[in-house]
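Analysis of the macromolecular model
Residue-level listing of the chains:
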Amino acid sequence: MILERVNGPEDLKALGLEELQLLAEEIRSEIIRVTAQNGGHLASSLGAVELVLALHRVFDSPKDRILFDVGHQAYAHKLVTGRKDRFHTLRQEGGISGFTKVSESPHDAITAGHASTSLANALGMALARDLMGEDHHVVAVIGDGALTGGMALAALNKIGELQKRMLIVLNDNEMSISENVGALNKYFKELQIRKWVQDAEKLGKNILERISPQLFGLVDRAKEAAKLILHQENPFYAWGIRYIGPVDGHDLKGLIHILEHLKALDGPTLLHVVTKKGKGYKVAEADPIYWHGPPGFDPKKPEKVSKGYSWSQAFGDAVTELAHMEPRLFVLTPAMREGSGLVRYSLEHPERYLDVGICEDVAVTTAAGLALKGMKPVVAIYSTFLQRAYDQVIHDVAIENLPVVFAIDRAGIVGADGATHHGVFDIAYLRTVPNLQIAAPKDALELRAMLKKALEVGGPVAIRYPRDNVERAPEGAWPEIAWGRWEVLKEGTEAYILAFGKTLRYALEAAGDDPRVGVVNARFLKPLDREMLRALSRYKLLTVEDHQRMGGFGSAVLEALNEMGLKPEIQVLGLPDRFFEHGAIPSLHRQAGIDAEGIRKALAAMGVALVHER
Ligand SMILES: CC(=O)c1sc(CCOP(=O)(O)OP(=O)(O)O)c(C)[n+]1Cc1cnc(C)nc1N
Ligand SMILES: [Mg+2]
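Residues numbered from 1 in each chain as written. Chains lettered and ligands numbered in written order. Predicted model: local features only at pLDDT ≥ 70, side-chain atom pairs only at ≥ 80, totals over all residues. Heavy atoms only, no water.

**Here we look at the packing of aromatic side chains**
- Inspection of every chain in the model, using the stated rule, returns 17 aromatic pairs.
- Here Trp-311 and Tyr-465 contribute two aromatic rings whose centre-to-centre distance is 5.9 Å and whose plane-to-plane angle is 20 degrees, an arrangement assigned as stacked. Here Tyr-465 lies in the loop between strand 11 (461-464) and strand 12 (487-490) and Trp-311 lies in helix 12 (residues 311-325), a separation of 154 residues in the sequence.
- Overall, Trp-311 belongs to the buried group, its relative accessible area being 5%.
- Connected via pairs of aromatic rings, a cluster forms that spans Phe-188, Phe-236, Trp-239 and Tyr-243.
- The ring of Phe-59 carries Lys-263 above its face, with NZ or CZ at 5.8 Å from the centroid.
- Positioned over the ring face of Trp-478 is Arg-448, at 4.3 Å from the centre of the ring. (Phe/Tyr/Trp six-rings, centres within 6.5 Å; stacked < 30°, edge-to-face > 60°. Helix = DSSP H or I, 4+ residues; strand = E, 2+ residues; numbered from the N terminus. Buried < 20%, exposed > 50% of the residue type's maximum accessible area, 1.4 Å probe, protein only. Lys NZ or Arg CZ within 6 Å of the ring centre and 35° of its normal.)

**Observations concerning empty space enclosed by the protein**
- The final tally for this structure, using the stated rule, is four cavities of 30 Å³ or more.
- Roughly 100 Å³ of internal volume is contained in the largest cavity.
- Taken together, 14 residues make up the lining of the largest cavity; nearest its centre are Ser-97, Lys-101, Asp-417, Ala-419 and Thr-420.
- Here the residues of the lining of the largest cavity are counted per class, giving four nonpolar, seven polar and three charged.
- Considering only enclosed or pocket space, the second largest cavity measures out at about 70 Å³ in volume.
- As for the second largest cavity, its lining consists of Phe-59, His-137, Val-138, Arg-165, Met-166, Leu-167, Leu-262, Lys-263, Leu-265, Gly-267 and Thr-269.
- Going through the elements one at a time, strand 3 (166-172) and helix 10 (252-263) are the ones with two or more residues in the lining of the second largest cavity.
- Across the lining of the second largest cavity, the residue classes break down as six nonpolar, three polar and two charged. (1 Å grid on protein atoms, 1.4 Å probe; cavity = no way out; pocket = protein on both sides within 12 Å on 5 of 7 lines; lining within 4 Å. Points joined across faces, edges and corners; volume = space filled by probe spheres on them. Nonpolar A, V, L, I, M, F, W, Y, C, P; charged D, E, K, R; others polar.)

**A word on the site of ligand 1**
- Not every one of the 25 residues close to ligand 1 is listed here, only the nearest: His-72, Gly-113, Gly-145, Lys-277 and Glu-360.
- Here Ala-115 contributes a backbone N or O atom positioned 2.9 Å from a nitrogen atom of ligand 1.
- Separating an oxygen atom of ligand 1 from a side-chain N or O atom of Asn-173 is a distance of 2.9 Å.
- Here ligand 1, which alone exposes 630 Å², has 98% of that area covered by the protein.
- Broken down by class, the residue content of the shell around ligand 1 amounts to 10 nonpolar, 11 polar and four charged. (Near = heavy atom within 4 Å. Polar contact = N/O pair within 3.5 Å; in protein donor to acceptor, adjacent residues only side chain to side chain. Areas by Shrake-Rupley, 256 points an atom, 1.4 Å probe, with all protein chains shown as cover.)

**Points about the packing of helix 3 (residues 49-58) against helix 10**
- The N-to-C vectors of helix 3 and helix 10 enclose an angle of 40 degrees; their axes lie 9 Å apart at closest approach. Between helix 3 and helix 10, the angle falls in the class oblique. Taken as a pair, helix 3 and helix 10 cross one another with a handedness that is right-handed. Contact residues: helix 3 offers Glu-50, Leu-51, Leu-53, Ala-54, Leu-55, Arg-57 and Val-58, while helix 10 offers Leu-252, Leu-255, Ile-256, Leu-259, Glu-260 and Lys-263.
- Of the residues belonging to the contact of helix 3 with helix 10, the class tally is nine nonpolar, no polar and four charged. (Axes fitted to C-alpha atoms, helices over the stretch in contact; angles between N-to-C directions. Parallel < 35°, antiparallel > 145°, perpendicular 65-115°, else oblique. Left-handed = near helix turned anticlockwise from the far one by under 90°. Contact = heavy atoms within 4.5 Å.)

Distances and angles like these do not, on their own, reveal function.
Okay, structure coming up:
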């Protein structure tokens, strides 16, 4: 095995082309083997194998900085930068991250997970390099999906102006998680066609050269002139960035050759590399959407596995039905059609569906524009990615109290994607925004009730739900809900647990059938049910949420009690003030003390010791 001889990128320099090609296959097998057992970003990483090997063959990491945008396509990078022996721990608690991570390796130039950050990071590194009088390369690998992000496009504008020496490698596989969108994406496709034309012409040129060198010379000059004109319309030239390509991203020899040349160039260069997402694994090539991030699978007989009925699907079904009843409903997603459960909706209501690309800010402000014209927009968005559109929520939606619904998926700890993806800040960053209401349903029925009502209450509403499965609600079920009112699920004589969202199940488990402890589905955070809170303030209270403790649901309860001049004995359970790495959700909840065990412990500390049911 050649991979056994590779303990760092310097070991690639000694390998001949054949050995590198063999190594690429070994790396593919290892990526498939480990992703089969751990799950992970299979198709993206398979598509980037040759590119990674060529980059590490030509450049000298860690002196040269090689950045991977999103960092989910970097499994080959991890394997050749000293982590092959730990690769089997990928995305597991205590194991290596599924993305690049500065603290994990000197070869990981940035910590990533959210898209479109590599270009601004690269600009910063190039500025620092030149200020420090250092001499090394800065290379940013960015996918065609990540390039739809505003951060990336704005960074290009600055990079072109400053003309710092750096290489941008556009890894164009025409895919985001689903099919990529945007005008640039269409243009890249055209360029690829031109590439084929160029190849055909090259073939023609060779034949022509043999027949008549004079004629060939004339044609060639005309073509060069045409190419120049052709390139003038290339947007990268407008950005002041040299564009080279498109080139075959699986042709190791060609990649090494062209990278060697580009190394010598000054100023910013963009190399347009065309790859196949899922390359080398038939099922992933055939369906890069499913195999973008599969859960475990049998590598010998790779089949799609159903992960059960999720909150995302419950949302997708509800909003699809709602759109049949409410013609003004319009759903937007920032490149997360599958993740947000919108495949069915996008097929049934294509005229009222929009995937804006990886640009959450555009999703939110487009929704504002729709609302200003009387539509009822719903922004389907992960909690962690909504962080990208915080100002838009305030500035473009909340100030004018526009009727935009935020269907916040992946709210809470999300597991193997780790710190960059846990949705544990949204309550804190949303609840201070005037006009914005916040709710968390306990099940799919309540989700339907809240969604429907949210379209009627007016103003912006955020409904948050976790990465989890949920019991399907019957089609056509639209229960009423007392907006702003909590729900007592279990009476108690000594204490009440006020649970928000996913932690309700832990609260019920902890309380069991002990008559001393009541449980409240505190499903509305804003407005808070102050009437019920006042009534319950004569008991001991415990709040629990799958969110940072600071600024979360518990904070809102404390503030309300203070404003009402009430002083019950109260404990607030939430995530402590640190980041949680990747790991299994129940385990991370246990570590955070917000599971049933943690609730029992907190109640015991308040003098309500519960018997632990077997
Ligand atoms: C991992 C993750 O969360 C990914 S990977 C990905 C597609 C990236 O497409 P690209 O063309 O850049 O790469 P490719 O997979 O190689 O084709 C998205 C949208 N996401 C979710 C996402 C959404 N929004 C933001 C800000 N960041 C991320 N990471
Ligand atoms: Mg892509």
